[in-house]
Amino acid sequence: MEKETNGGCKRCLLFEMAGKDDVIAQVEKTRKLLNDDERASDEEYKRRLDICKECDKLIDATCLKCGCYVEIRALSIGAHCPGKKW
């Protein structure tokens, strides 16, 4: 996790940021709403997030390419990285 001087957190995910409990709860809720055939496997989800964590476009758990929370985008098996990294 890299802190920037403007208070933003570069290459951070939601679960790593303090004060984001409501958003984290929404990620878990969204994950549970997806059917098994719609949800990425735990291994694929982790792989995707690991790639996102290395991306310069990840700031405050948000993808600067599309504006999504990467932890929500990565949940769906049919979702793709807007930067074509996964």
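This one's a predicted model, so the numbers in the text were calculated from it and none came from an experiment.

Participant: Go over the environment of Cys 12 with me, naming the residues and quoting the values.
Facilitator: Structurally, the position occupied by Cys 12 is in the loop between strand S2 (9–10) and helix H1 (21–33). On the basis of relative accessibility, which here comes to 0%, the residue Cys 12 falls in the buried class. Sequence separation of Cys 12 and Asp 60 is 48 residues, and the distance between their C-alpha atoms is 5.8 Å.

Participant: Outline the nonpolar core, supporting the account with residue identities and numerical values.
Facilitator: Grouped together as the largest cluster of nonpolar side chains are 18 residues, with contacts concentrated most on Tyr 45, Leu 49, Val 70 and Trp 86. The set of elements that each furnish at least two residues to this core consists of H1 and helix H2 (42–53). No other element matches H2, which puts three residues into this core. Here Tyr 45 is in contact with Val 27, Arg 31, Ala 40, Glu 71, Ala 74 and Leu 75, once residues within four sequence places are set aside.

Participant: Kindly report on the pattern of salt bridges, identifying the contributing residues and their values.
Facilitator: For the coordinates displayed, the defined rule picks out five salt bridges. The salt bridge involving Asp 36 is made with Arg 39; its shortest N-O contact spans 2.3 Å. With a relative accessible area of 64%, Asp 36 lands in the exposed category. Members of the salt-bridge network, linked through shared partners, are Glu 44, Arg 47 and Arg 48.

Participant: Let's hear about H2: which residues, and what values?
Facilitator: Here H2 contains twelve residues, and its C-alpha end-to-end distance of 16 Å stays within 8% of the 16 Å for a straight helix at 1.5 Å per residue. The set of residues buried in H2 consists of Tyr 45, Arg 48, Leu 49, Cys 52 and Lys 53. For H2, the arc enclosing every buried residue in end-on projection is 140°, short of the 170-degree limit, so these residues lie on one face. Set apart from the buried face of H2 by more than 90 degrees, the exposed residues are Glu 43 and Lys 46.

Criteria and cut-off values
Per chain, residue numbering runs from 1 following the sequence as it is written. Under the rules for a predicted model, residues below a pLDDT of 70 receive no local features and side-chain atom pairs below 80 are neither given nor counted, while totals for whole chains, interfaces and linings still include all residues. To obtain the side-chain values, all non-hydrogen atoms of the structure were included, while hydrogens and water were left out. Helical segments are the DSSP runs of H or I of at least four residues, strand segments are the runs of E of at least two, and each set is numbered from the N terminus. The buried label goes to any residue with under 20% of its type's maximum accessible area, the exposed label to any with over 50%, and the partly exposed label to all in between, with areas taken from a 1.4 Å probe on protein chains only. The criterion is simple. A nonpolar core is a set of buried Ala, Val, Leu, Ile, Met, Phe, Trp, Tyr and Cys residues joined through side-chain atoms within 4.5 Å. Contacts are assigned to residue pairs with any non-hydrogen atoms lying within 4.5 Å of each other. Definition used for salt bridges: Asp or Glu carboxyl oxygen within 4 Å of a side-chain nitrogen of Lys or Arg. To estimate how far a helix should reach, multiply one less than its number of residues by 1.5 Å. Here, the arc refers to the directions that run from the helix axis to the C-beta atoms.

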